[in-house]
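A closer look at the structure
Below, each chain spelled out in residue letters.
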Amino acid sequence: MRHQLITLALVAAPLAAQAPKHAATYPAPPAAAMAAIRESDLKRDLYTLAGDAMRGREAGSLDELRASMWIADQLRAIGVKPAGENGTYFQWWNMKRTRIATGASAVHVGTAALALWKDVAPAANAETEVAAPTVFAGDGSDSTIDVRGKVAVVTMTAPSQAVKVEGTYSYEYRYAAAAVASTAGRLRGRGAAAVIVVADSIADAGFDAFAMLRARGMYDVEGGAYRFAPQPPGAGRGGRGGTAGGAAPSVVLLARRSLLGTLRADGQAGDIRLHLEQFDSPSVNIIGVVRGTDAKLRDEYVLYSSHQDHDGVRYPIAGDSIWNGADDNGSVSVALLAAARAFVKAPAKRSVLFVYHGAEERGLLGSRYHAAHPVVPLSQIVAVLNGDMIGRNSPDSASLMGIQPPHLNSSELVAMALAANDKTGKFHLDSLWDRPTHPEMWYYRSDHVPYARLGVPAIEYSSNLHPDYHTPRDEPSRIDYGKLTRMTQWMYLTGWYVANVPKRPALEPGFKLER
Ligand SMILES: [Zn+2]
């Protein structure tokens, strides 16, 4: 925390200086509209949407659909009109899922049949057929041991990169994932047909988490807009194959620590057969509109964006297995309901769309789908105001993604957001998170990206990472409701400015994302 504070002081000054310059040029909303944003509403709604009864709203599950129905009901009750398909609030689309078909896959070493996800867990989703003798290669550091064409069994070594104690999922899970990669990496370029990494005590504690996440497989959406720039065929992302020191082993399995005795004998018949299955599961975007009042401008739209999904019910941490996602992204989902109350109270000149994207946690799937299949022409969407996690961390700091090159795609939009900040939350803005060098790649981790990539002026509001991120501890009781209210006012006022200025915000000349 300390480091960040120093940075804040340094960074905040120049940005704050800009804000007063703009304030005068934007029309203020009626007081009754701003007053429609109430902390009590935000709290009531968040305890519902992110309460245990919503079971973490996992994408592609009935829980996501139930949460989506609840949100649509709230929009209807507030007076927001449906803008989805066939006069409904919903835009349906399919997630394409690819995972290892447990029933059709098997792993044997010698006479032992190793149960998938219980004894062993493949590190990747790949069709695999390996039949080869095993060789015990110790901790993998002795390159004189010949593993060519064999199933190499190695004991785990601690990850090469230090693993932060606090963070996404559990420490044990992140340790296991990092240690599997770095231990298997020791056999890079040595031609093993497959590698079985036997867990140490820490990774063994993270085995269930590792197995559960790998068993879920991959998610994608057909015909969706891009999150990252498409790669020319053959270009590697994440460095598998073709990097210095030869190819990394392509078939890697994590094995329970207790199996070392069973696995370490040389020359056993290793037989690894992993087959993939692909299927669709439905997800949904929820879309409502408050029509504008100006005959000309009402055919232009300001788009507010959130995602209704989170991580669902997973392995227990400290006895709690519901990943509530109160901050991520219940906070913005209820903020949009509050902003909707304000716009219904006093509609703006332009129309305002409220879009809840499904399956954001699975790779921005809902926003990739809507950006490619917008309910109104993309050219008529004048700005995307996305939010992700706006209810935590110090009460006076926040971040705005898209505030500086190369992520800045509209200075005019940013100027309105800064002016609105000056009138509402007066947050110190930490621009580190928006930098292309930020280790978390924070700009690329939410739903504004597909729209920005397609040339729509777009920004994201966030109060950034915290130790409860993607854990069962992200509960409504840990939200700072005073801050959430001010962040909501900030988002609302920015949208009010954009929806009423005579000229729509221009796209930055030469705008191009770096990845
Ligand atoms: Zn999120």
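Note that the structure is predicted; figures quoted are calculated from it, not measured.

Scoring rules and cut-offs
- Within every chain, residues take consecutive numbers counted from 1 along the sequence as written.
- Under the rules for a predicted model, residues below a pLDDT of 70 receive no local features and side-chain atom pairs below 80 are neither given nor counted, while totals for whole chains, interfaces and linings still include all residues.
- Excluded from the side-chain calculation are hydrogens and water; included are all heavy atoms of the structure.
- By the criteria applied, helices consist of DSSP H or I runs no shorter than four residues and strands consist of E runs no shorter than two, each listed in order from the N terminus.
- Both definitions apply: the radius of gyration is a C-alpha atom measure, and the globule rule equals 2.2 Å times residues to the power 0.38.
- Contacts are assigned to residue pairs with any non-hydrogen atoms lying within 4.5 Å of each other.
- Where accessible areas are quoted, they stem from the Shrake-Rupley method and a 1.4 Å probe; at the residue level, only the protein chains shown are allowed to cover.
- By the counting scheme adopted, Arg and Lys are positive, Glu and Asp are negative, and His together with the chain ends is not counted.
- Where a charge lies is defined by one atom per residue type, namely NZ (Lys), CZ (Arg), CG (Asp) and CD (Glu).
- Donor selection uses N, O and S atoms within 2.8 Å of the metal (3.2 Å for Na, K and Ca). Since no water is included, sites may look incomplete.
- In short, tetrahedral needs four donors with all angles between 85 and 135 degrees, square planar needs four and octahedral six donors with opposite donors over 155 degrees apart and all other angles between 65 and 115, and whatever is left is irregular.
- Between buried and exposed lies partly exposed: a residue is buried under 20% and exposed over 50% of the maximum accessible area for its type, with that area taken using a 1.4 Å probe on protein chains only.
- Side-chain rings of Phe, Tyr and Trp, where Trp is taken by its six-membered ring, are said to pair if the distance between their centres is within 6.5 Å; with planes under 30 degrees apart they count as stacked, over 60 as edge-to-face, and otherwise as tilted.
- Should a side-chain nitrogen of Lys or Arg be within 4 Å of a carboxyl oxygen of Asp or Glu, the pair is scored as a salt bridge.

Some thoughts on the overall build of the protein chain
For the protein chain, the helix and strand inventory stands at 13 helices and 20 strands. Here the C-alpha radius of gyration of the protein chain, 25 Å, is about what a compact globule of 515 residues would show, namely 24 Å. Referenced to the eigenvectors of the C-alpha coordinate spread, the extents of the protein chain come out at roughly 80 × 50 × 45 Å. For the protein chain, the proportion of contacts with a sequence separation of at least 24, taken over those separated by at least 6, is 84%. When the accessible surface of the protein chain is split by element, carbon and sulfur atoms take 56% of a total near 19900 Å². Taken together, the 54 basic and 51 acidic charged side chains of the protein chain have centroids lying 3 Å from each other.

Looking at the coordination of the zinc ion
Bound to the zinc ion are the protein donor atoms His 307 (NE2), Asp 328 (OD), Asp 388 (OD) and Asp 388 (OD), situated 1.9 to 2.6 Å from the metal. Each of the four donor atoms bound to the zinc ion contributes to angles spanning 52 to 143 degrees, and the resulting shape is irregular. Donor residues for the zinc ion sit on one chain with the sequence pattern H-x20-D-x59-D. Pair noted here: Asp 328 is in helix α9 (residues 326-345) and Asp 388 is in the loop between β17 (381-387) and β18 (397-401), with a separation of 60 residues, a long-range link. There is no split in this pair, since Asp 328 and Asp 388 are both buried.

Structural notes on the packing of aromatic side chains
The full count for this structure, using the stated rule, is 18 aromatic pairs. On the numbers, 6.1 Å between centres and 65 degrees between planes, the contact of Trp 442 with Tyr 469 is edge-to-face. In this pair, Trp 442 is assigned in the loop between β19 (428-429) and α12 (449-453) and Tyr 469 in the loop between β20 (458-462) and α13 (481-500), connecting sequence segments 27 residues apart. A single burial state applies to Trp 442 and to Tyr 469, both of which are buried.

Brief notes about the pattern of salt bridges
Summed over the entire model, instances satisfying the criterion amount to 29 salt bridges. Its salt-bridge partner being Arg 256, residue Asp 208 comes within 2.8 Å of it at the nearest N-O pair. With a gap of 48 residues between them, Asp 208 in helix α7 (residues 207-216) and Arg 256 in the loop between β10 (252-255) and α8 (260-263) connect regions that are remote in the sequence. By sharing partners, the salt bridges in this structure join Arg 38, Asp 41, Arg 44, Asp 45 and Arg 341 into a single network.

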